[in-house]
Amino acid sequence: MSLSVAVLMDPIDAIKMAKDTSLAMLLEAQRRKHTLHYFEQGDLALRDGEPWARATPLEVRDDPQHWYTLGQPKWRDLREMDVVLMRKDPPVDTQFIYDSMVLEVAQRGGVTVVNDPRSLRDCNEKLFALAFPQCTAPTLVARNAEELRQFAAAHGEIVLKPLDGMGGRGIFRVKAGDSNLNSMLETLLGGNAHGEGRQFAIAQKYIPEITAGDKRILVIDGEPVPYALARIPQGNEFRGNLAAGGRGEGVALSERDRWIVDQVAPELRRRGLLFVGLDVIGDYLTEINVTSPTCVRELDAQFGLNIAGQLFDVIEQQASGTRTA
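Conventions and cut-offs
- Within each chain, residues carry numbers counting from 1 in the order of the written sequence.
- Local features in this predicted model are restricted to residues of pLDDT 70 or higher, and side-chain atom pairs are both shown and tallied only at a pLDDT of 80 or more, whereas totals for entire chains, interfaces and linings draw on every residue.
- Excluding hydrogens and water, the side-chain figures rest on all heavy atoms present in the structure.
- Only DSSP runs of H or I with at least four residues qualify as helices, and only runs of E with at least two residues qualify as strands; both kinds are numbered from the N terminus onward.
- Exposure is judged per residue with a 1.4 Å probe applied to protein chains only, and the accessible area is read against the type maximum: over 50% gives exposed, under 20% gives buried, and values in between give partly exposed.
- Note on terminology: a nonpolar core comprises buried Ala, Val, Leu, Ile, Met, Phe, Trp, Tyr and Cys residues joined through side-chain atoms within 4.5 Å.
- Only heavy atoms enter the contact rule, under which two residues are in contact if any of them lie within 4.5 Å.
- By the criterion applied in these results, polar contacts are pairs of N or O atoms within 3.5 Å in which, for protein atoms, one can donate a hydrogen and the other can accept it, and in which residues neighboring in sequence qualify only through two side-chain atoms.

A.B. asks: Any chance you could break down unusual backbone geometry for me, citing the residues and the numbers?
C.D. replies: In this model, Pro90 is joined to Pro91 through a cis peptide bond whose omega is 15°. Its place among the elements puts Pro91 in the loop between β7 (83–87) and α2 (94–108). In this model, Asp221 sits at a positive phi of 50°, which is unusual for a non-glycine residue. Looking at the secondary structure, you find Asp221 in the loop between β13 (214–220) and β14 (223–224). Phi is positive for Cys295, which is not a glycine, with a value near 90°. Among the secondary structure elements, Cys295 is positioned in the loop between β18 (284–289) and α7 (296–303). When its relative accessible area of 1% is taken as the criterion, Cys295 is described as buried.

The following block contains the structure:
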């Protein structure tokens, strides 16, 4: 069964192809003889309430010099596609939300959208983890600087971060009473360090096991890939994010990792989140990545896996069921 597969992503010419999960998905789709189309945020439109996209035919290769070829773009009714992979990186800003609304119209027209557009809007990657308090470390989300200072005092050492960041940007590790705490709160809250901020910040108790790695566990339709990528901080850096210089090391899932997946999986399935990345430090779930989870190529290379193949097994089943319903 050949499908028309479209991808909404950041500019394909700027990706790091050797590590790019979206490219892994596209390579797998092409291996399965699916037809590929590519578009970016500026290529979406609603015409009298109907979803359209300026879609460009795409061919991909696993070649570090020439990993893609684009054809001539053409405006098409998005409902002509069987599958749309929503792979735009955060932040989940207003334009991202509007994109998801256009994709939701296409979804109502029978297109399989991965991940579900409504869930992309509803499931903030940091807040969604807090729906599973049995899995998380002590956490506070607040705009009030004094509340956050009191949280730091109660737990001694905390990590502060924005709700809309990615790649380790804007993350601070700080101890109670640190002279830099006020400055950090001003930066994150967008106000002053003595009152209400303009935006939320999230504070989590510092988890010392970060030295062993921030594990990315990939979950496909509620089932975990049996290996995680532990992103291990290097040198004096406390962040394990690969974008912040962390080293990726594949590890087998622990019993605790599998227990966390079991806690989360039913809700992922209910919300139509087919491809998700759970971030786990020590015994604690810290984030649930739903927008553009990564680490597929690293795990494939270390363990001889085909994670994108597992995902497309599910996508093909869903697309077939959607179109015949």
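A.B. asks: Can you lay out the nonpolar core for me, pointing to particular residues and giving the numbers?
C.D. replies: The biggest cluster of nonpolar side chains holds 37 residues, and the ones touching the most others in it are Leu78, Val84, Leu278, Leu285 and Ile288. The set of elements that each furnish at least two residues to this core consists of β1 (4–9), β4 (50–60), β7, α2, β13, α6 (255–270), β17 (275–281) and β18. Ranked by size, the runner-up nonpolar core spans 36 residues in total, among them Ile12, Ile15, Leu85 and Ala319.

A.B. asks: Run through the environment of Glu287, naming residues and quoting values.
C.D. replies: Mapped onto the secondary structure, Glu287 falls in strand β18. Setting aside anything within four residues of it in sequence, one finds Glu287 in contact with Glu125, Lys126, Ala129, Lys161, Gly277, Leu278 and Asp279. Reaching out from Glu287, the side chain makes a polar contact with the side chain of Lys161 at a distance of 3.3 Å.

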